[in-house]
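Listed below are the residues making up each chain.
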Amino acid sequence: MFSRGFWTLLTGAALIWYSTVTVYVGWKGIRDIKEMLSRLRPGPK
Amino acid sequence: MNFSWPIDGSIVGLYLLATMAAGLMVRKYVGKVEHFLVAGREMNVYLGIASLAATEFGVVTCMYAAQNGYRYGFAGATPGILMAAAMLVVGLTGFCIKPLRESGVITIPELLERKFGPRIRWAAGVVIVLGGLLNMGMFLRTGGEFLVGLTGLNPKYLELTMTVLLLFVAVYTILGGMLSVLITDFLQFVVLSVGLLAVTVLIIAKVGWGTLVHAVETHIGSGGFNPFVHPDMGWEYVLFNALLNTAAVLTWQTTIARVLAAKNAKTGLKIYKGTSFFFVCRFLIPGIWGIAALAILTPDQVGPNTLQAMPKLLSTIVPVGMMGLLVAAMLAADMSTDSSYMLTWSSVIYNDIMAPFRKTKWAEKKGLLWNRMIVGLIGIFLLFYGLWYPLKGDLWTYLGVTGTIYLSSISVLLIACCYWKKANSWGAAAAIFFGAVIPGSFLAMEQIKSTAALARRIGPYYSGIATYLIVGAAMVIGSLIKPKPRPARADTGGSHV
């Protein structure tokens, strides 16, 4: 019984965590890309 | 089959166009080898998390995790839990990866050279590439089989479809290196995650959570919930996976590449902590798809190849429209993994295996050209190896055994390099030798008719555990038996280095 409850809880936690992280990382990742490219932009020689 | 070419095909086409555009857009930022291999070490936390997650989730991951779910029930997600735990602990403590990032190297063998000398660097590079490429060799065919099962594509077009896909990936990886990999990984992470979550919710809604749990109870029994009591798993499965996943967290080249491309060690640790729980999802979500196949499909419908159970289920359960999203998600998974794997193995070939041929520093242009050629050659290898190697046993075990060729020795070398003063080149050489020979022999025994039965009796788990133990012992014994260099006498005028 315990192990069945464990997997139910773990699956619920995985779905909630993954949905949240997808939105959060998707949003913040765009900022990271912009910053990275601005630092790597080829400058005048 | 619910794949509609006008609707789902358009979604897939749009995704492929966006990926190519993003991948090619950043090629102008690549001016140096360091930009090509580690994105100029300018990667920040969230991009790192997206890239690591996308890289470590390929179609091949989805297939073996679903196969685990089909065969072992929920207990099949055990490797994911072990990997998440290992990654969290390493992220919290900085064990090995902190000194690795702080050393400023591009690859692990480069760090090993500082402790064990150039020969060990070269040998480490060879086993890393050998283990990595054998591991990666399965990706293309498995990805193709998934797409055939899912979309109903004629199997005779499998090779052609996968060749075209690989060409797409090769073009942007060759031109943009790690920068293209990171940008496309980000896009692929978003598409992949939305697709995975949408399909999982759909499956749970259509099949029902109770039905999934009941299917595991009736078909597998208590072993489907607890790996220690499953007849095909047991403590040896758990221990082998604990060792394998810990070693992977410390030394798997695609994972380490994110630490080395991070802005600093602190960012690298944050990426590890932030991504750790993803590895539970990486096994559990496709595992649920596999369990759903167990609940819905009869053994006759699945056939002898249990890898095909999950795609067969999805081809009937996922509606038009969502099927396009699913195929795009799986292509995203496949492409992000292929691009990153091609780049990271090429970085070891260039940085370590070719090191003896670069006595003087090469011009950036020449270095970039060589890196691009190596990525292209790896693509060609993938194409041919993936088509002729006959897979025996389950996919996760094949990946575990080939990965062990280098994970066992390089993890021991890295730990010794960072934390054991007495470690030396004899111990390192012995560890590399045994780390390559034991799993390599096991793979050969599986393929040879006269030894196949013995290989089956030993099994991959005992063979894997023995490899890690013997490699550790080889490092200790080899290091202790190496004679200490005699100090030069002062009256000879020798130096005291």
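Being a predicted model, the structure only gives us computed values, none of them experimental. (Residues numbered from 1 in each chain as written. Chains lettered and ligands numbered in written order. Predicted model: local features only at pLDDT ≥ 70, side-chain atom pairs only at ≥ 80, totals over all residues. Heavy atoms only, no water.)

S.K.: What am I meant to see in the nonpolar core here?
M.R.: The nonpolar side chains of a soluble globular protein tend to be buried, and buried together. Of all hydrophobic cores here, the largest spans 193 residues; its most connected members are Phe116, Trp289, Leu314 and Met330 of chain B. Tallying contributions element by element places helix H10 (residues 158-207) of chain B first for this core, with 22 residues. (Core = buried A, V, L, I, M, F, W, Y, C linked by side-chain atoms within 4.5 Å. Buried < 20%, exposed > 50% of the residue type's maximum accessible area, 1.4 Å probe, protein only. Helix = DSSP H or I, 4+ residues; strand = E, 2+ residues; numbered from the N terminus.)

S.K.: Please explain helix H4 (residues 59-72) of chain B as it appears in this structure.
M.R.: Helical geometry: 3.6 residues make up each α-helical turn, so side chains three or four residues apart lie on a common side. All names here are of chain B. Here H4 contains 14 residues, and its C-alpha end-to-end distance of 19 Å stays within 8% of the 20 Å for a straight helix at 1.5 Å per residue. Taking burial as the measure, the 14 residues of H4 include 13 buried ones, the bulk of the element. Phi for Gly73, located one or two positions after H4, is positive at around 70°. (Expected span 1.5 Å × (residues − 1).)

S.K.: Looking at this structure, I do not really get H10 of chain B. What am I missing?
M.R.: Residues and elements named next belong to chain B. In a regular helix each residue adds 1.5 Å, so 50 residues correspond to 74 Å; H10 covers only 30 Å between its end C-alpha atoms and thus falls short of that length. Along its length, H10 reaches its greatest deviation from straightness, about 125°, at Gly176. Downstream of H10 by a residue or two, Gly208 has a phi angle that is positive, lying close to 95°. (Bend = angle between axes of the 7 residues up to and from the residue.)

S.K.: Help me understand the interface of chain B and chain A in this model?
M.R.: How big an interface is tends to be stated in terms of the accessible area lost upon association of its parts. The interface of chain B with chain A comprises 43 residues on the first partner and 31 residues on the second. Carbon and sulfur atoms make up 78% of the area that chain B and chain A hide from each other, which totals about 3,300 Å². Joining chain B to chain A, the criterion identifies two salt bridges. Linking chain B with chain A are seven residue pairs in polar contact (both at pLDDT 80 or more), by the criterion used here. Mapped by element, the contributors of at least two residues to the side of chain B that touches chain A are helix H3 (45-55), H10, helix H11 (209-219) and helix H15 (278-296) of chain B. It is H10 of chain B that contributes the most residues to the side of chain B that touches chain A, 12 residues altogether. Partitioning the side of chain B that touches chain A into residue classes produces 33 nonpolar, six polar and four charged. (Contact = heavy atoms within 4.5 Å. Buried area = accessible area lost by both parts, 1.4 Å probe. Salt bridge = Lys/Arg side-chain N within 4 Å of Asp/Glu carboxyl O. Polar contact = N/O pair within 3.5 Å; in protein donor to acceptor, adjacent residues only side chain to side chain. Nonpolar A, V, L, I, M, F, W, Y, C, P; charged D, E, K, R; others polar.)

S.K.: Please explain the packing of H4 of chain B against H15 of chain B as it appears in this structure.
M.R.: Each pair of packed helices gets described by two things: the angle between the helix axes and the distance between those axes. All names here are of chain B. Interaxial distance between H4 and H15 falls to 6 Å at its minimum, and their mutual angle equals 55°. Between H4 and H15, the angle falls in the class oblique. Helix-helix and strand crossings are classified by hand; for H4 and H15 the assignment is right-handed. Of the residues in H15, those touching H4 at Thr61, Cys62, Tyr64, Ala65, Ala66, Asn68, Gly69 and Tyr70 are Arg282, Phe283, Pro286, Gly287, Trp289, Gly290, Ile291, Ala293 and Leu294. Tallied by class, residues from the contact of H4 with H15 come to 11 nonpolar, five polar and one charged. (Axes fitted to C-alpha atoms, helices over the stretch in contact; angles between N-to-C directions. Parallel < 35°, antiparallel > 145°, perpendicular 65-115°, else oblique. Left-handed = near helix turned anticlockwise from the far one by under 90°.)

S.K.: Would you explain the pattern of salt bridges in this entry?
M.R.: Per the stated rule, a full pass over the model turns up 12 salt bridges over all chains. The partner of Arg4 of chain A in a salt bridge is Glu217 of chain B, with the nearest N and O atoms 2.5 Å apart. One end of the pair, Arg4 of chain A, is in helix H1 (residues 2-40); the other, Glu217 of chain B, is in helix H11, on a second chain. For Arg4 of chain A, a relative accessible area of 21% translates into the label partly exposed. Classification of Glu217 of chain B by relative accessible area gives partly exposed; the value is 31%. Each member of the salt-bridge network shares a partner with another, and the members are Arg31, Asp32 and Glu35 of chain A.

S.K.: Even after reading the chapter, I still don't get the environment of Tyr72 of chain B, so can you show me in this structure?
M.R.: For Tyr72 of chain B, the position within the fold is in helix H4. Taking the relative accessible area as the measure of exposure, Tyr72 of chain B reaches 3% and is therefore buried.

S.K.: Would you mind showing me how to read the side chain of Asp8 of chain B here?
M.R.: All names here are of chain B. Relative to the helices and strands, Asp8 resides in helix H1 (residues 7-25). The charged side chain of Asp8 is buried without a salt bridge, its nearest counter-charge being Lys206 at 13 Å. Beyond its immediate stretch of four places on either side in the chain, Asp8 contacts Asn2, Phe3, Val320, Gly321, Met322, Met323 and Gly324. (Lys, Arg positive; Asp, Glu negative; His and termini not counted.)

S.K.: Which parts of the structure should I look at to understand unusual backbone geometry?
M.R.: Of all residues except glycine, most have a negative phi; of all peptide bonds, most are trans. Residues and elements named next belong to chain B. Not every positive phi belongs to a glycine, and Ala39 is a case in point at roughly 50°. In this fold, Ala39 is placed in the loop between helix H2 (33-38) and H3. Positioned with a positive phi, Arg41 is a non-glycine residue whose angle comes to about 55°.

S.K.: Would you mind showing me how to read the state of the cysteines here?
M.R.: Structurally, a disulfide amounts to a covalent bond that connects the sulfur atoms of two cysteines. Residue and element names in this part refer to chain B. A full pass over the atoms with the stated rule returns zero disulfides over all chains. Among the cysteines around Cys96, which has no disulfide bond, Cys418 carries the closest sulfur, lying 4.5 Å off. Residue classification places Cys96 among the buried residues on the basis of a relative accessible area of 0%. (Disulfide = S-S within 2.5 Å.)

S.K.: What should I look at first to understand the packing of aromatic side chains in this one?
M.R.: For any pair of aromatic rings, geometry is given as the distance between the ring centres together with the angle between the planes. With the rule as written, the count across this model stands at 24 aromatic pairs over all chains. For the ring pair Phe6 of chain A and Trp7 of chain A, a centre distance of 5.1 Å and an interplane angle of 75° mean the geometry is edge-to-face. Here Phe6 of chain A falls in the partly exposed class, since its relative accessible area comes to 35%. Note on Trp7 of chain A: relative accessible area 3%, which makes it buried. The interplanar angle of 20° and the centroid separation of 5.9 Å between the aromatic rings of Trp7 of chain A and Phe74 of chain B together place this pair among those described as stacked. Of the two residues, Trp7 of chain A is situated in helix H1 and Phe74 of chain B in the loop between H4 and helix H5 (78-93); the pairing between them involves two chains. Judged by relative accessible area, which is 2%, Phe74 of chain B ranks as buried. (Phe/Tyr/Trp six-rings, centres within 6.5 Å; stacked < 30°, edge-to-face > 60°.)

S.K.: I tried to follow the confidence of the model for chain B on my own but got confused; where do I start?
M.R.: Close inspection of predicted coordinates is inappropriate for parts of the model with low pLDDT. Residues and elements named next belong to chain B. Considering every residue of chain B, the mean pLDDT works out to 88; 95% of them sit at 70 or more. Helix H9 (residues 139-151) is the least confidently modelled element of chain B, averaging 82 in pLDDT, while H5 averages 96, the highest of any element. Between residues 491-497, whose pLDDT stays under 50, and residues either more than four places distant or in other chains, the model counts five contacts. Reported confidences for the modelled complex are a pTM of 0.87 and an ipTM of 0.92. (pLDDT = per-residue confidence, 0-100.)

S.K.: When you look at a nonpolar patch on the surface in this model, what are you seeing that I'm missing?
M.R.: Residue and element names in this part refer to chain B. A surface patch of nonpolar side chains, about 660 Å² in accessible area, is lined by Phe228, Val229, Trp235, Leu239, Leu454, Ile458 and Tyr462. Broken down by secondary-structure element, the contributors of at least two residues to the nonpolar patch are helix H12 (234-251) and helix H22 (449-481). For Tyr462, the location among the structural elements is in helix H22. Here Tyr462 falls in the partly exposed class, since its relative accessible area comes to 41%. (Patch = residues over 30% accessible without salt bridge, like charges linked within 9 Å, V, L, I, M, F, W, Y side chains within 5 Å. Areas by Shrake-Rupley, 256 points an atom, 1.4 Å probe, with all protein chains shown as cover.)

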